Amino acid sequence: MKTFELTRANDNTQAVSAAANATTAQQGAEIRFIAGGTTLIDLMKLNVETPQKLIDVNHLPLGKIDNLPDGGLTIGAMVRNSDLAYHPVVRKNYAVLSEAILSGASAQLRNMATTAGNLLQRTRCMYFRDTATPCNKREPGSGCAAITGVNRSLAILGTSEHCIATNPSDMNVALAALEATIHIRGTKGERSVPIGDFHLVPGDTPHRETVLEPGDLITNVTLPPPAPGNRSLYLKLRDRASYEFALASAAIIVTVANGRMTRARIALGGVGTKPWRSTEAERELTDQLATPAVFQKAADAALRDAKPQSQNGFKVELAKRCLVHALKLATQNA
Ligand SMILES: Cc1cc2nc3c(=O)[nH]c(=O)nc-3n(C[C@H](O)[C@H](O)[C@H](O)COP(=O)(O)OP(=O)(O)OC[C@H]3O[C@@H](n4cnc5c(N)ncnc54)[C@H](O)[C@@H]3O)c2cc1C
Ligand code: SF4
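Now for a look at the structure at hand. Counting restarts for each chain: residues are numbered from 1 in the order of the written sequence. Going through the entries in the order they are written, you letter the chains from A and number the ligands from 1. Given that the model is predicted, a residue must reach a pLDDT of at least 70 before its local features are reported, and side-chain atom pairs must reach 80 or more before they are shown or counted; all residues, however, enter totals for whole chains, interfaces and linings. With hydrogens and water set aside, each side-chain value is computed from the structure's full complement of heavy atoms.

**Digging into the overall build of the protein chain**
Heads up, the condition is: Secondary structure follows DSSP: runs of H or I at least 4 residues long count as helices, runs of E at least 2 residues long count as strands, and numbering of each begins at the N terminus. Between the two quantities, the radius of gyration covers C-alpha atoms and the globule rule is 2.2 Å times the number of residues to the power 0.38. Partly exposed residues are those whose accessible area sits between 20% and 50% of the maximum for their type, while under 20% is buried and over 50% is exposed, using a 1.4 Å probe and protein chains only. The contact criterion used throughout is that any non-hydrogen atoms of two residues lie within 4.5 Å. Exposure was quantified through the Shrake-Rupley algorithm and a 1.4 Å probe, taking into account, for residues, occlusion by the shown protein chains and nothing else. When charges are tallied, Lys and Arg are placed among the positive residues and Asp and Glu among the negative ones, while His and the ends of the chain are skipped. Note on charges: their place is set at NZ of Lys, CZ of Arg, CG of Asp or CD of Glu.
Across its full length, the protein chain holds 12 helices and 13 strands. In terms of overall dimensions, the protein chain is globule-like: its C-alpha atoms have a radius of gyration of 19 Å, near the 20 Å expected for 334 residues. In terms of its C-alpha atoms, the protein chain occupies a principal-axis envelope of roughly 60 × 50 × 35 Å. Classification of the 334 residues of the protein chain by burial places 52% in the buried group. Considering only contacts in the protein chain between residues 6 or more positions apart, those separated by 24 or more positions represent 63%. In the form shown here, the protein chain has an accessible surface area of approximately 14500 Å², with 50% of it arising from carbon and sulfur atoms. On the protein chain, the mean spot of the 37 positive side-chain charges and the mean spot of the 30 negative ones are 4 Å from each other.

**Quick look at the site of ligand 1**
Inclusion rule: Only a single heavy atom is needed: when it lies within 4 Å of a molecule or strand, its residue is near that molecule or strand. For the purposes of these results, a polar contact is taken to be a pair of N or O atoms within 3.5 Å, where, inside protein, one atom must be able to donate a hydrogen and its partner to accept one; residues adjacent in sequence count only when each atom of the pair is a side-chain atom. Gly is put with the polar residues, along with every residue not named as nonpolar or charged; the nonpolar set is Ala, Val, Leu, Ile, Met, Phe, Trp, Tyr, Cys and Pro, and the charged set is Asp, Glu, Lys and Arg.
Neighbouring ligand 1 are 32 residues, the closest being Phe33, Gly37, Thr38, Thr39 and Thr114. For ligand 1, an oxygen atom lies 2.5 Å from a polar atom in the backbone of Phe33. Between ligand 1 and the protein, one listed contact pairs an oxygen atom with a backbone N or O atom of Gly36 at 2.9 Å. Protein coverage of the free-state accessible area of ligand 1, which is 980 Å², stands at 93%. Those elements giving two or more residues to the shell around ligand 1 turn out to be β2 (31-34), α2 (40-45), α7 (115-119) and β8 (217-223). Of the residues assigned to the shell around ligand 1, the class counts are 15 nonpolar, 11 polar and six charged.

**So, the nonpolar core**
Soluble globular proteins tend to pack their nonpolar side chains together in the buried interior. Where we set the bar: We define a nonpolar core as any set of buried Ala, Val, Leu, Ile, Met, Phe, Trp, Tyr and Cys residues linked to one another through side-chain atoms lying within 4.5 Å.
One finds Leu84, Leu97, Leu119, Leu175, Ile182, Ile218 and Leu223 to be the most contacted residues of the largest nonpolar core, which totals 49 residues. Counting residues per element, this core draws most heavily on helix α8 (residues 171-177), at six residues. Those residues in contact with Leu119 that lie beyond four places of it in its chain are Met171, Asn172, Leu175, Ile182, Ile195, His199, Ile218 and Val221.

**What about the pairing of β8?**
Our working rule: Paired strands, in this sense, are two strands between which DSSP finds at least two bridges.
Within β8, seven of the seven residues are buried, which leaves it mostly tucked inside the rest of the structure. Direction of pairing for strand β5 (residues 73-76) relative to β8: antiparallel, over a ladder of four bridges. Paired with Gly76 across the two strands is Asn220, which belongs to β8. Judged from the five bridges that link them, strand β6 (residues 181-186) and β8 form a sheet pairing that is antiparallel. Within the sheet, the bridge partner assigned to Arg185 lies in β8 and is Leu217.

**Looking at the site of ligand 2**
Within the structure, ligand 2 sits among 13 residues, and Cys125, Cys135, Cys144, Cys163 and Ile164 are positioned closest to it. In terms of residue class, the shell around ligand 2 is built from 10 nonpolar, two polar and one charged.

**Some words on the sheet that holds β6**
Applied cut-off: To obtain an axis, a line is fitted to C-alpha atoms, over the contacting stretch when the element is a helix, and the angle between two such axes runs from 0 to 180 degrees between their N-to-C directions.
A sheet is described by the order of its strands in space; here five strands give the open sequence β4-β5-β8-β6-β7, paired in antiparallel fashion. Edge positions in the sheet fall to β4 (65-67) and β7 (189-194), since each of these pairs with one other strand and no more. Taken pair by pair, the neighbouring strands of this sheet meet at an average axis angle of 20°, ignoring direction. With six bridges joining them, β6 and β7 adopt antiparallel strand pairing. What sits directly across from Thr181, in β7, is Pro194.

**Here's the deal with the packing of helix α11 (residues 292-302) against helix α12 (residues 314-331)**
Short version of the rule: Crossings are sorted by hand: turned counterclockwise from the far helix by less than a right angle, the near helix makes the crossing left-handed, and turned clockwise it makes it right-handed.
Interaxial distance between α11 and α12 falls to 9 Å at its minimum, and their mutual angle equals 140°. Pair α11 / α12 crosses with right-handed handedness. Contacts from Pro292, Phe295, Gln296, Ala298, Ala299, Asp300 and Ala302 of α11 reach α12 at Lys320, Leu323, Val324, Leu327, Lys328 and Thr331. In terms of residue class, the contact of α11 with α12 is built from eight nonpolar, two polar and three charged.

**What about a nonpolar patch on the surface?**
The line we're drawing: Residues enter patches when they are more than 30% accessible in relative terms and free of salt bridges; like-charged ones are connected within 9 Å and nonpolar ones (Val, Leu, Ile, Met, Phe, Trp, Tyr) within 5 Å. Counted as salt bridges are all cases of a side-chain nitrogen of Lys or Arg within 4 Å of a carboxyl oxygen of Asp or Glu.
There is a patch of nonpolar side chains on the surface, built from Met1, Phe4 and Leu6 and spanning about 300 Å² of accessible area. Of note, Phe4 is situated in the segment before β1 (5-8). Given a relative accessible area of 32%, Phe4 falls into the partly exposed group.

**Points about unusual backbone geometry**
Phi is positive for Asn47, which is not a glycine, with a value near 60°. By the element assignment, Asn47 lies in the loop between α2 and β3 (53-56). A relative accessible area of 34% places Asn47 in the partly exposed class. A positive phi angle, close to 55°, is found at Asn258, a residue other than glycine. You can see Asn258 is positioned in the loop between β10 (248-257) and β11 (260-269).

Printed below as a string of structure tokens:
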């Protein structure tokens, strides 16, 4: 690991102005915030990230979960994943988020991992983490070893000829289905970004993963009020039962009245280069009866644009089955 300077930020303004001196907030940033450290320290040990300066944001006043006047919820950037998953309001009104978080990592990691850190966790593509191999995300223009290499776990939606890396987060998939908003404080003030616009598909700039600019500090995430009478579920399929990233996952939130789905929000994990909201699937479900045939049509629509690589063609069928099964479980006895 390269040497670095560690400073503690005592307030949000100080954190933003210290980080604003970086030339980028994307891959290779010279200045990084550090929260739980469960992504960043790993990457520093591998020399994939070599920041000269770390700004410790653990003492910022961003650790609270509060109800909003409109019935929604605000979650501070520093709220630990465990605290979020077990919060009574989250368990009652946003169960899909609780389930998604608890399906990830281990209890120890979730005790350290934060909301902002989870939003910004990096791909598990093995070539990204191995500085001896070409990787356009780590080193722009060097090539993509995964396209002709080991790509079984990588993405089939949102890929480009330059990068096929999967966004590995479970939490982000639930946040996409919940239509969360990310709140950012930067050098020009505060702004809010819908989660669908926060992460970027790789295109020809895979090193740019989010809309963040130097100095940008995530302060909180807000959730809209829960849809009345909704049923939700997070289903994660993986190679082993715990401590493993998704090969395919589905976050679903549906409202069913008289056997008909009046509202549907669908997001997929393990298959996209970003948390993958499927408005195509939502359209196939809305105002339709909750039947296996309708679920299958939605799954086919969600995966219509899938582009499998040499080793991950199985994900197309796996993701479809994941979505169909999640819909069956969530709507049974409706
Ligand atoms: C062995 C292992 C297994 C795992 N399994 C899973 C899994 O199954 N599912 C899953 O979803 N995740 C999994 N994870 C990933 C884990 O969830 C993330 O590492 C964690 O959420 C990152 O949070 P953190 O607070 O530790 O982030 P950090 O490592 O502290 O930071 C990550 C990034 O976020 C930036 N950052 C942090 N806070 C802010 C802020 N307020 N504003 C702007 N930028 C900020 C940092 O600069 C850094 O670039 C696993 C991790 C490990 C090590
Ligand atoms: S898939 Fe993306 S992260 Fe993986 S080697 Fe290719 S460019 Fe790098």
